[in-house]
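Here is what each chain is made of, one letter per residue.
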Amino acid sequence: MKNSNSIRTAGLLSIIPGLGQLYNKQRVKGICFFVLAAAFGIVFYDILNIGFWGLATLGTLPGVDDSRTLIGQGIVAVFLTVFAALFYILNIRDARKIARSRQQGHEPLSLRDGFRHSWDKSFPYVLITPGLILLFIAVIFPLLFMIVLAFTNYNLFNAPPRNVLDWVGIQNFIDLATIPIWRNTFFSVLSWTIVWTAIATTSQIVLAMLLAVMVNDKRVKFKRLIRTVLILPWAVPSFVTILIFAALFNDGFGAINRDLLEPLFNTTIPWMTDPFWAKIALILIQTWLGFPFVFALFTGVLQSVSDDWYEAADMDGASRIQKFRFITLPHVLFATAPLLIMQYAGNFNNFNIIYLFNEGGPPVRGQNAGGTDILISWVYSLAFENSQYSMAAAISIIIGLIVAVFAIFQFRKSRSFKEGE
């Protein structure tokens, strides 16, 4: 009973950081904990105060309070609070742990030994700390800032510092689903994004698989030369290739219309000004851009397929299609599934090709996105061309959820496939 009271007393005294350690007769450690806690409160009081006030109100004086700055300070305040909470929990757990150790007859480590023991245990975390800080600055902070913006009314007509922002809850998501122009545009762009991702990515994978299997055939000569030629498109920067193709597909002076279709078939195709043909052109370009990487991937995996498997299949009377279906295809997909999933995720957010080809155009009557805009290019247009920051942030959250759900589902499927094998 006495032992239990001692541990409880150490824990209760730790409500004030350092007192629990002093109770355990660790004077230097207790003083250090108390000084650190006091210094944290004194140094960061203003940041925490302004940060949480700003996050709650987003400012009260138009022209004076900048809601964007207040949101940033609020996010920093939240992270400082999380850090302080972790320190506070560590302080209580340390006091209780030392009290329990003393009751069991163990003398606590000296300050030097305790520091050395803690350093050994925490050394891996010290090494990854700079990376975690960069991750917070470059990824987590902007991500949280975007999420916060999605629940405000930040747009062209209500922009700081001239105005202060207001919390609007999920109104942006409701507008996206109920206002006709937003709803029609969203579902139109989402549909095209899914079609684009599925067809463009599948096309490059199928083409790469076909070429890899053909080049890997024993009867083919000069394999190294053929592989080098097929990988060459990968060596050219993608933005250069896209700009060249944009010129080739140009309705007015493009070589495809002027030097190919018109002389041979006496017709031209509006590649840049008709949404349907613009989409066809984009899929063709992406197939050209994407297949070399997948081809190199498949070629490497095919080298590891044992000839014994095919010889055994030949002895069983298997046809070429059966050998491909039951030996080549499972082996290649098993080894490359995660990277192929990343190909789909990458094309879902493939901003470069959409923007560089014709900036998401041509325009479509009745919607505020271009005929070839996918979600990510539409978000760019909303944010940086139309100043619809809140709506762009709301759509970005939806994009993130779609990609995350798809990736998790596919990775779990590929893992279950592995376990099933």
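For the structure, see preceding data.
This text gives an overview of the structure that appears in the document. (Residues numbered from 1 in each chain as written. Predicted model: local features only at pLDDT ≥ 70, side-chain atom pairs only at ≥ 80, totals over all residues. Heavy atoms only, no water.)

### Observations regarding the pattern of salt bridges
Two side chains with opposite charge may pair up if their charged atoms get near one another.
Alright, step 1. Across all of its chains, the model carries six salt bridges by this definition.
Alright, step 2. Across the pair arginine 68 and aspartate 66 runs a salt bridge whose closest N-O atoms are separated by 3.0 Å.
Alright, step 3. A residue is classified by how much of its surface remains accessible, and arginine 68, at 29% relative accessible area, is partly exposed.
Alright, step 4. Salt-bridge contacts for arginine 258 lead to aspartate 259; the nearest nitrogen and oxygen are separated by 3.4 Å. (Salt bridge = Lys/Arg side-chain N within 4 Å of Asp/Glu carboxyl O. Buried < 20%, exposed > 50% of the residue type's maximum accessible area, 1.4 Å probe, protein only.)

### Some thoughts on the packing of helix H4 (residues 67-103) against helix H5 (residues 111-149)
Alright, step 1. Interaxial distance between H4 and H5 falls to 10 Å at its minimum, and their mutual angle equals 120°. As far as their axial angle goes, H5 and H4 are oblique. Relative to H5, H4 is oriented so that their crossing is right-handed. Contacts between H4 and H5 involve Arg68, Ile71, Gly72, Ile75, Val76 and Phe79 from the first element and Phe136, Ile140, Phe141, Leu144, Phe145, Val148 and Leu149 from the second.
Alright, step 2. For the contact of H4 with H5, a count of residues per class yields eleven nonpolar, one polar and one charged. (Axes fitted to C-alpha atoms, helices over the stretch in contact; angles between N-to-C directions. Helix = DSSP H or I, 4+ residues; strand = E, 2+ residues; numbered from the N terminus. Parallel < 35°, antiparallel > 145°, perpendicular 65-115°, else oblique. Left-handed = near helix turned anticlockwise from the far one by under 90°. Contact = heavy atoms within 4.5 Å. Nonpolar A, V, L, I, M, F, W, Y, C, P; charged D, E, K, R; others polar.)

### Here we look at the packing of aromatic side chains
Alright, step 1. Evaluation of the coordinates by the stated rule reveals 24 aromatic pairs.
Alright, step 2. Considering the side-chain rings of phenylalanine 249 and tryptophan 271, the 4.8 Å spacing of their centres and the 70° angle between planes classify their relative orientation as edge-to-face. In this pair, phenylalanine 249 is assigned in the loop between helix H9 (238-248) and helix H10 (255-265) and tryptophan 271 in the loop between H10 and helix H11 (275-302), connecting sequence segments 22 residues apart.
Alright, step 3. Judged by its relative accessible area of 5%, phenylalanine 249 falls in the buried class.
Alright, step 4. Here tryptophan 271 and tryptophan 277 contribute two aromatic rings whose centre-to-centre distance is 5.6 Å and whose plane-to-plane angle is 80°, an arrangement assigned as edge-to-face. (Phe/Tyr/Trp six-rings, centres within 6.5 Å; stacked < 30°, edge-to-face > 60°.)

### So, the side chain of serine 390
Alright, step 1. Within the secondary structure, serine 390 is located in helix H16 (residues 389-420).
Alright, step 2. For serine 390, a relative accessible area of 2% translates into the label buried.
Alright, step 3. Only 2.6 Å separates the side chain of serine 390 from the backbone nitrogen of tyrosine 154, close enough to count as a polar contact.
Alright, step 4. Ignoring any residue separated from it by four or fewer positions in sequence, one finds serine 390 in contact with Leu149, Ala150, Thr152, Asn153, Tyr154 and Asn172. (Polar contact = N/O pair within 3.5 Å; in protein donor to acceptor, adjacent residues only side chain to side chain.)

### Things to note about the packing of H9 against H11
Alright, step 1. Where H9 meets H11, the closest approach of the two axes is 11 Å, and the angle between their N-to-C directions is 150°. On the basis of their axis angle, the class for H9 and H11 is roughly antiparallel. The way H9 lies across H11 gives a crossing that is right-handed. Facing H9, whose interface residues are Ser238, Thr241, Ile242 and Phe245, H11 presents Ile285, Trp288 and Leu289.
Alright, step 2. When the residues that make up the contact of H9 with H11 are grouped by side-chain class, the tally is five nonpolar, two polar and no charged.

### Topic: the nonpolar core
Alright, step 1. Residues Trp196, Phe249, Trp271, Leu282, Ile285, Ile353 and Phe357 are the most contacted members of the largest nonpolar core, which totals 21 residues.
Alright, step 2. Counting only elements with at least two residues in this core, the list comes to helix H7 (180-216), H9, H10, H11 and helix H14 (351-358).
Alright, step 3. Among the elements that line this core, the one with the most residues is H11, at five residues. (Core = buried A, V, L, I, M, F, W, Y, C linked by side-chain atoms within 4.5 Å.)

### Regarding the environment of asparagine 250
Alright, step 1. Tracing the chain through its elements places asparagine 250 in the loop between H9 and H10.
Alright, step 2. Taking the C-alpha atoms as reference points, asparagine 250 and threonine 273, separated by 23 residues in sequence, lie 9.2 Å from one another.
Alright, step 3. In contact with asparagine 250, not counting residues within four places along its chain, are Asn257 and Met272.
Alright, step 4. At 2.8 Å, the side chain of asparagine 250 and the backbone nitrogen of glycine 252 are in polar contact.

### Points about a nonpolar patch on the surface
Alright, step 1. Together, Leu12, Leu13, Ile15, Ile16, Leu19, Leu22, Tyr23, Ile31, Phe34 and Val35 give the surface a local cluster of nonpolar side chains, amounting to about 870 Å² of exposed area.
Alright, step 2. Secondary-structure elements contributing two or more residues to the nonpolar patch are helix H1 (2-13), helix H2 (19-23) and helix H3 (27-57).
Alright, step 3. Topologically, leucine 12 is positioned in helix H1. (Patch = residues over 30% accessible without salt bridge, like charges linked within 9 Å, V, L, I, M, F, W, Y side chains within 5 Å. Areas by Shrake-Rupley, 256 points an atom, 1.4 Å probe, with all protein chains shown as cover.)

### With respect to the environment of alanine 37
Alright, step 1. Note that alanine 37 resides in helix H3.
Alright, step 2. When neighbours within four sequence positions are excluded, alanine 37 is seen to be in contact with Pro17 and Phe87.

That is the geometry; function is a separate question.
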